[in-house]
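# Summary of the model geometry
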Amino acid sequence: MSPLTLHPSPAAPAAAAAEPALSPALLRRFDVPGPRYTSYPTADRFVEAFGADDYAQALAQRRQAGRAAGLPLSLYVHIPFCHSLCYYCACNKIVTKRHEKGREYLQYLRREIALQVEHLGQGAPVSQLHLGGGTPTFLNDGELGQLMDMLRQAFALAPQGEYSIEVDPRTVDEARLARLAELGFNRLSFGVQDFDPDVQKAVHRVQPAAEVFALVGAARRLGFGSINVDLIYGLPRQNAESFERTLAQVGELRPDRIALYAYAHLPERFKPQRRIDAAELPPAGAKVDMLSRAIASFAEAGYSYIGMDHFALPDDTLAVARRQGRLHRNFQGYSTQPDCDIIGLGVSAIGRVGATYSQNAKSLEEYYDLIGQGRLPVVRGLALTRDDLLRRTVIMALMCQGRVDFEAVGAAHLIDFRRHFAAELEALQSLADEGLVRVDAHAIEVTPTGWFFVRAIAMVFDRYLQADRARSRFSRII
């Protein structure tokens, strides 16, 4: 297999020999800011005019329509606390050594769950749960047990569901992993970022590689169904040689999934990044070279490219879903679960119910205040228009299946696709000339090479983005 050979899905089976090479020059050409499309419209389009009453109405409509009995939910729980500050971090987190803050937070989570159940009804089925942060393992074993008890009392967690948790390797040992398994978690995501000691020091996250290897080995013995490792390229003090060593170690570790993210240095927006010495950041060209080498390294190791920044071993459920055209995308990224409503719990958590998106208060003070008043803590969101729903269908088809069938979309949304999207189809021509997409009378297909630039393809159909072109708020698409 060539180092850059993909494992195409049935939606993109074209002859690889006809595709242009995935060169550093091509990567540089598309190294521009763009949305990640975990939703459409994207979260930056949420408005404060959509509030708790609108969200409650969406929950009531779901319940009245009987959806709670038929379609399972996905739950996201945000745990914002961290014991120490990672300088690269752009997440909504609270750095504290005061463990009692976690206990207090659980009390408010319990009350928020009760408020959700008032509108959803007791025992709504759940097939997917994700704990993110922050550092979910900031909570001790007993507190995590309390949280899972709360959720099981309020919802009906499916026996074969996907239950995942983000893990800071510095906060767990084998005994804690065993406890996570007992609590029902069957998927883990370890934040590694880089194995190089100098890079770890530069970002204030020192964790010896041997400890990570030991934890992954323990997780396998305990029977976790999928183990993910997060990596970041473009960090301070990274260079070609150091990153090559990290890639070799990841190859030896052989996690089921790999998430490879580009570091975006935005100190004006994220205060922790002000502690990073900009002079130690690798230049743009070096970043692209790291990405190119990482893609080749993962392909050589047998990983399938899922899309965006995700890779998985061929027998992982994510790779299987990709090949079978069953891939979905939500606020947690790519998923094997059917497209479903998402209930966001905790400070800053984002949810989706029906044709609406919602987000909880971003500050702990406001979150506590709203719940203390007996109110759902939703402070902004969006009710999707007919055009939003149409474009979401197109963008998610591109992001997940790599194909848009004109007749199917036209029939579902009562439009003539080619006439409705005439301007977008014309704009796609330049990407077709690059060999990233094919367009004929019946469909749009993302080529194997185009999968690496699928965000750029999806951006063509983003009405908001095309209207204002204000892309600087987004991470770079490569």
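Residues numbered from 1 in each chain as written. Predicted model: local features only at pLDDT ≥ 70, side-chain atom pairs only at ≥ 80, totals over all residues. Heavy atoms only, no water.

### A short note on the overall build of the protein chain
Within the protein chain, the regular secondary structure consists of 19 helices and 19 strands. For 478 residues, the compact-globule estimate of 2.2 N^0.38 gives 23 Å, and the protein chain sits close to it at 22 Å. Counting only residues that meet the buried cut, the protein chain has 58% of its 478 residues in that class. Intrachain contacts of the protein chain at a sequence separation of at least 6 include 74% that bridge at least 24 residues. Side-chain charges of the protein chain comprise 54 positive and 54 negative groups, with the mean position of each set lying 2 Å from the other. (Helix = DSSP H or I, 4+ residues; strand = E, 2+ residues; numbered from the N terminus. Rg over C-alpha atoms; globule rule 2.2 N^0.38 Å. Buried < 20%, exposed > 50% of the residue type's maximum accessible area, 1.4 Å probe, protein only. Contact = heavy atoms within 4.5 Å. Lys, Arg positive; Asp, Glu negative; His and termini not counted. Charge placed at Lys NZ, Arg CZ, Asp CG, Glu CD.)

### Examining the packing of aromatic side chains
Throughout the structure, instances matching the rule amount to 16 aromatic pairs. Measuring from ring centre to ring centre gives 5.4 Å for Phe421 and Phe461, while their planes differ by 75°; the resulting arrangement is edge-to-face. On the criterion of sequence distance, the pair formed by Phe421 in the loop between helix H15 (417–420) and helix H16 (422–427) and Phe461 in the loop between helix H18 (454–459) and helix H19 (463–468) is long-range, its members being 40 residues apart. Across the pair, Phe461 and Phe421 agree in class, each one buried. The ring of Tyr334 carries the charged tip of Arg329 above its face, separated from the ring centre by 4.5 Å. One cation-aromatic arrangement involves Arg463 over Tyr464; the distance from NZ or CZ to the ring centre is 4.6 Å. (Phe/Tyr/Trp six-rings, centres within 6.5 Å; stacked < 30°, edge-to-face > 60°. Lys NZ or Arg CZ within 6 Å of the ring centre and 35° of its normal.)

### Describing helix H13 (residues 386–400)
Between its first and last C-alpha, H13 extends 21 Å over 15 residues, near the 21 Å set by a 1.5 Å rise per residue. Where burial is concerned, most of H13 is hidden: 11 out of the 15 residues are buried. Taken residue by residue, H13 has Asp388, Leu390, Arg391, Arg392, Val394, Ile395, Met396, Ala397, Leu398, Met399 and Cys400 as its buried positions. (Expected span 1.5 Å × (residues − 1).)

### Overview of the nonpolar core
Counting residues in hydrophobic clusters, the biggest one holds 129 residues, and the most contacted among them are Leu151, Phe155, Phe185, Phe298, Phe417, Ile444 and Phe461. Excluding anything up to four places from it in sequence, Phe298 contacts Leu231, Leu247, Val250, Ile258, Leu260, Tyr303 and Phe311. By size, the runner-up hydrophobic cluster in this structure holds 12 residues, among which are Cys86, Cys89, Leu235 and Leu281. (Core = buried A, V, L, I, M, F, W, Y, C linked by side-chain atoms within 4.5 Å.)

### Details of the sheet that holds strand E19 (residues 443–446)
Reading across from one edge, E17-E19-E18 is the order of the 3 strands in this open sheet, with antiparallel pairing throughout. Whereas interior strands pair on both sides, the edge strands pair on one side only; in this sheet they are strand E17 (403–405) and strand E18 (437–439). Neighbour-to-neighbour, the strand axes of the sheet open up by a mean angle of 10°, direction not taken into account. Across the face of the sheet, helix H14 (residues 406–413) comes into contact with E17, E18 and E19 while running at roughly 60° to E17. (Pairing = 2+ DSSP bridges. Axes fitted to C-alpha atoms, helices over the stretch in contact; angles between N-to-C directions.)

### Here we look at the pairing of strand E8 (residues 257–262)
Two elements, strand E7 (residues 226–233) and E8, share 6 bridges in a ladder whose sense is parallel. Paired with Tyr233 across the strands is Ala262, a residue of E8. Crossover handedness for the path E7 to helix H9 (residues 240–253) to E8: right-handed. Across 3 bridges, E8 lies against strand E10 (residues 310–312) in antiparallel orientation. Following the sheet pairing, Ala259 is matched in E10 by His310. (Right-handed = clockwise from strand over helix to strand, strands pointing away.)

### As for the side chain of Asp194
Among the structural elements, Asp194 can be located in the loop between strand E6 (187–193) and helix H7 (197–202). Within polar-contact distance, the side chain of Asp194 engages the side chain of Thr246 at 3.0 Å. Those residues in contact with Asp194 that lie beyond four places of it in its chain are Val199, Gln200, Leu235, Gln238, Phe243 and Thr246. (Polar contact = N/O pair within 3.5 Å; in protein donor to acceptor, adjacent residues only side chain to side chain.)

### Here we look at the confidence of the model for the protein chain
Low pLDDT means the predicted atomic positions in that stretch should not be read closely. For the protein chain, per-residue confidence averages 90 on the pLDDT scale, and residues scoring 70 or more make up 92% of the total. Of the regions scoring below 50 in pLDDT, residues 1–20 engages in 45 contacts with residues more than four places distant in sequence or in other chains. (pLDDT = per-residue confidence, 0-100.)

### Overview of H14
Looking at H14, one finds that the buried residues are Phe406, Val409, Gly410 and His413. Projection of H14 onto a plane perpendicular to its axis shows the buried side chains occupying an angular sector of 100°, all on one side. H14 presents Glu407, Ala411 and Ala412 as exposed residues on the side facing more than 90 degrees away from its buried surface. Positive phi appears at Leu414, one or two residues downstream of H14, with a value of about 60°. (Arc of directions from axis to C-beta.)

### Regarding unusual backbone geometry
Residues Tyr40 and Pro41 are joined by a peptide bond in cis, for which omega reads -10°. Even without being a glycine, Arg254 presents a positive backbone phi close to 50°. On the accessibility criterion, Arg254 (36% relative accessible area) is partly exposed.

### Topic: the packing of helix H2 (residues 52–64) against helix H4 (residues 100–120)
Orientation of H2 relative to H4, taken along the N-to-C sense of each, is 50°, at an axis distance of 8 Å. One way to sum up the angle between H2 and H4 is to call them oblique. Between H2, through Tyr55, Ala56, Leu59, Ala60, Arg62 and Arg63, and H4, the contact on the second element is made entirely by Gln116, Glu118, His119 and Leu120. In terms of residue class, the contact of H2 with H4 is built from 5 nonpolar, 2 polar and 3 charged. (Parallel < 35°, antiparallel > 145°, perpendicular 65-115°, else oblique. Nonpolar A, V, L, I, M, F, W, Y, C, P; charged D, E, K, R; others polar.)

### So, the pattern of salt bridges
Counted by the stated rule, this structure contains 21 salt bridges. The salt bridge involving Arg293 is made with Glu300; its shortest N-O contact spans 3.4 Å. Since its relative accessible area comes to 47%, Glu300 is described here as partly exposed. What you see here is one network of salt bridges that share partners, running through Asp387, Arg391, Glu424 and Arg463. (Salt bridge = Lys/Arg side-chain N within 4 Å of Asp/Glu carboxyl O.)

### Some details on the environment of Leu180
Turning to its location among the elements, Leu180 is positioned in helix H6 (residues 174–182). The class for Leu180 is buried, based on a relative accessible area of 2%. Sequence separation between Leu180 and Ser164 is 16 residues; the distance between their C-alpha atoms is 9.6 Å. In contact with Leu180, other than residues within four places in its own chain, are Leu144, Ile165, Val167, Phe185, Leu188 and Phe224.

### Topic: the state of the cysteines
One pass over the full model with this rule turns up 0 disulfides. Unpaired in this structure, Cys82 has its nearest cysteine sulfur neighbour in Cys89, at a distance of 6.3 Å. Residue class for Cys82 comes out buried when judged on its relative accessible area of 10%. For the unlinked cysteine Cys86, the closest cysteine sulfur is that of Cys89, found at 6.4 Å. By relative accessible area, Cys86 is classed as buried at 9%. (Disulfide = S-S within 2.5 Å.)

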